[in-house]
Amino acid sequence: MVCGGESIMLNLDFKKLDLLIDNHLTTFLGKEKHSMNPIDIDGFIQNYLGMEICYRKLSVHGEILGISVFSDMTLSFDEGNKIIEEFYAGGTVIIEEDLLDERQYGRRNFTKAHEAVHGILNREKPTEKAVYYRRDNNNSFYERLIDKAAAKLILPDDLVIKTFYAFMVVPCPFQEIH
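For every chain, the first residue of the written sequence is number 1, and numbering continues from 1 onward in sequence order. Local features are withheld for residues below a pLDDT of 70 in this predicted model, meaning they are given only at 70 or higher, and side-chain atom pairs are given and counted only at 80 or more; totals for whole chains, interfaces and linings count all residues. Excluding hydrogens and water, the side-chain figures rest on all heavy atoms present in the structure.

**Q** Describe the confidence of the model for the protein, with residues and values.
**A** With 80% of its residues at a pLDDT of 70 or more, the protein shows a mean pLDDT of 82. One number per residue, pLDDT, summarises how confident the predictor is, and it ranges from 0 to 100. For the purposes of this entry, the term helix denotes a DSSP run of H or I that reaches at least four residues, the term strand denotes a run of E that reaches at least two, and both are numbered from the N terminus. Here strand β6 (residues 131-135) stands out as the least confident element of the protein, with mean pLDDT 62; strand β1 (residues 52-56) is the most confident, with 97. Confidence drops under a pLDDT of 50 for residues 1-10, and excluding neighbours within four residues, the segment shows 30 contacts in the predicted structure. What makes two residues a contact is simply this: any of their non-hydrogen atoms within 4.5 Å.

Laid out in structure tokens, this is it:
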């Protein structure tokens, strides 16, 4: 597998990425952007980005949580006692199957959002990198930036603000928008 991405982000800071995520959310949600409904991350990946989501065991010790595949290719997976090769079409998000456990709901959705941000960036600027994967312990600047954008994708500003105002006595500035 190729782990990449640092080069695509050299001229992108969090403010630019924040605006990019907001623009994609506006396009995806339309009038629903200001609703109190949570973002359907599966719908965003499948219907908006046009990527397939699948699940499999990605690593022996669970250190790889998600993989974004942008070009048709065969990937190799270490299953402890043997290496398995599988073909994946470009436009596939592969999520660690252990995250299907309902106790992992938040981590699963965050990993999907993280991979969705890679999909957004690849849509904006297709890269020569065919695969991006998320390691549980990767703290690079690039991956932290992707994590921040994933958080925004799951909890957009409008949803946070409207939820905050739901518990306040003052009217919400988005009240007139349904």
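**Q** Describe the environment of Met73, with residues and values.
**A** Mapped onto the fold, Met73 is located in strand β3 (residues 73-78). Residue class for Met73 comes out buried when judged on its relative accessible area of 19%. Three exposure classes are used, based on accessible area relative to the maximum for each residue type with a 1.4 Å probe and protein chains only: buried under 20%, partly exposed in between, and exposed over 50%.

**Q** Describe the environment of Arg107, with residues and values.
**A** Residue placement: Arg107 occurs in helix α3 (residues 105-124). Between the alpha carbons of Arg107 and Leu65 there is a distance of 9.2 Å; along the sequence they are 42 residues apart.

**Q** Any details on the side chain of Glu96? Residues and values, ideally.
**A** With respect to the helices and strands, the residue Glu96 is situated in strand β5 (residues 92-96). Identification of polar contacts relies on pairs of N or O atoms within 3.5 Å, with a donor-acceptor requirement for protein atoms, meaning one able to donate a hydrogen and the other able to accept it, and with residues adjacent in sequence counted only if both atoms are side-chain atoms. A polar side-chain atom of Glu96 sits 3.5 Å from a polar atom in the side chain of Lys57. Dropping the residues within four chain positions of it, Glu96 is found in contact with Tyr55, Arg56, Lys57, Leu58, Ser59, Ile64 and Leu65.

**Q** Go over the pattern of salt bridges, please, and point to the residues and values.
**A** For this document, the term salt bridge refers to a Lys or Arg side-chain nitrogen within 4 Å of an Asp or Glu carboxyl oxygen. Taken as a whole, this structure holds eight salt bridges when the rule is applied. Here Asp18 makes a salt bridge to Lys152, at a shortest N to O gap of 3.2 Å. Within this pair, whereas Asp18 is found in helix α1 (residues 14-29), its partner Lys152 is found in helix α4 (residues 141-154), the two being separated by 134 residues in sequence. On the basis of relative accessibility, which here comes to 6%, the residue Lys152 falls in the buried class. Linking Asp101 and Arg103 is a salt bridge whose minimum nitrogen-to-oxygen distance equals 2.5 Å. Judged by relative accessible area, which is 28%, Asp101 ranks as partly exposed. Through salt bridges with shared partners, a single network forms among Arg56, Glu79 and Glu86.

**Q** Account for the packing of aromatic side chains, naming residues and giving values.
**A** The aromatic pairing rule takes the rings of Phe, Tyr and Trp, using the six-membered ring of Trp, and pairs them if the centres are within 6.5 Å, calling planes under 30 degrees apart stacked, those over 60 edge-to-face and the rest tilted. All chains considered together, the criterion is met by four aromatic pairs. Among the aromatic side chains, those forming a connected cluster through ring pairs are Phe28, Phe44 and Tyr48. When the NZ atom of lysine or the CZ atom of arginine is within 6 Å of a ring's centre and also within 35 degrees of its normal, the charge is said to sit over that ring. Cation over ring: Arg56 sits above Phe77, and NZ or CZ is 3.9 Å from the ring centre. The ring of Tyr48 carries Arg123 above its face, with NZ or CZ at 4.7 Å from the centroid.

**Q** Residue-level account of the nonpolar core, with values.
**A** Ranked by internal contacts, the top residues of the largest apolar core, which has 30 residues, are Leu17, Ile21, Phe44, Val117, Leu121 and Leu153. Among the elements of the structure, α1, α2 (41-48), β5, α3 and α4 are those that each provide at least two residues to this core. Sorting elements by how many residues they give to this core places α4 first, with six residues. Not counting chain neighbours up to four residues away, the residues in contact with Leu153 comprise Ile21, Leu25, Ile39, Ile41, Phe44, Ala113, Ala116 and Val117. Formed by ten residues, the second largest nonpolar core is a distinct cluster that contains Leu58, Ile67, Val69 and Phe77. Note on terminology: a nonpolar core comprises buried Ala, Val, Leu, Ile, Met, Phe, Trp, Tyr and Cys residues joined through side-chain atoms within 4.5 Å.

**Q** Residues and numbers for helix α5 (residues 157-166), please.
**A** Given 3.6 residues per turn, any residue in an α-helix points the same way as the ones three and four places further on. For α5, the complete set of buried residues consists of Asp158, Leu159 and Lys162. The buried residues of α5 all sit within an arc of 95° when viewed along its axis, so they share a single face. Those residues of α5 that are buried are in contact with α4. The arc in question is the one traced by the directions running from the helix axis out to the C-beta atoms.

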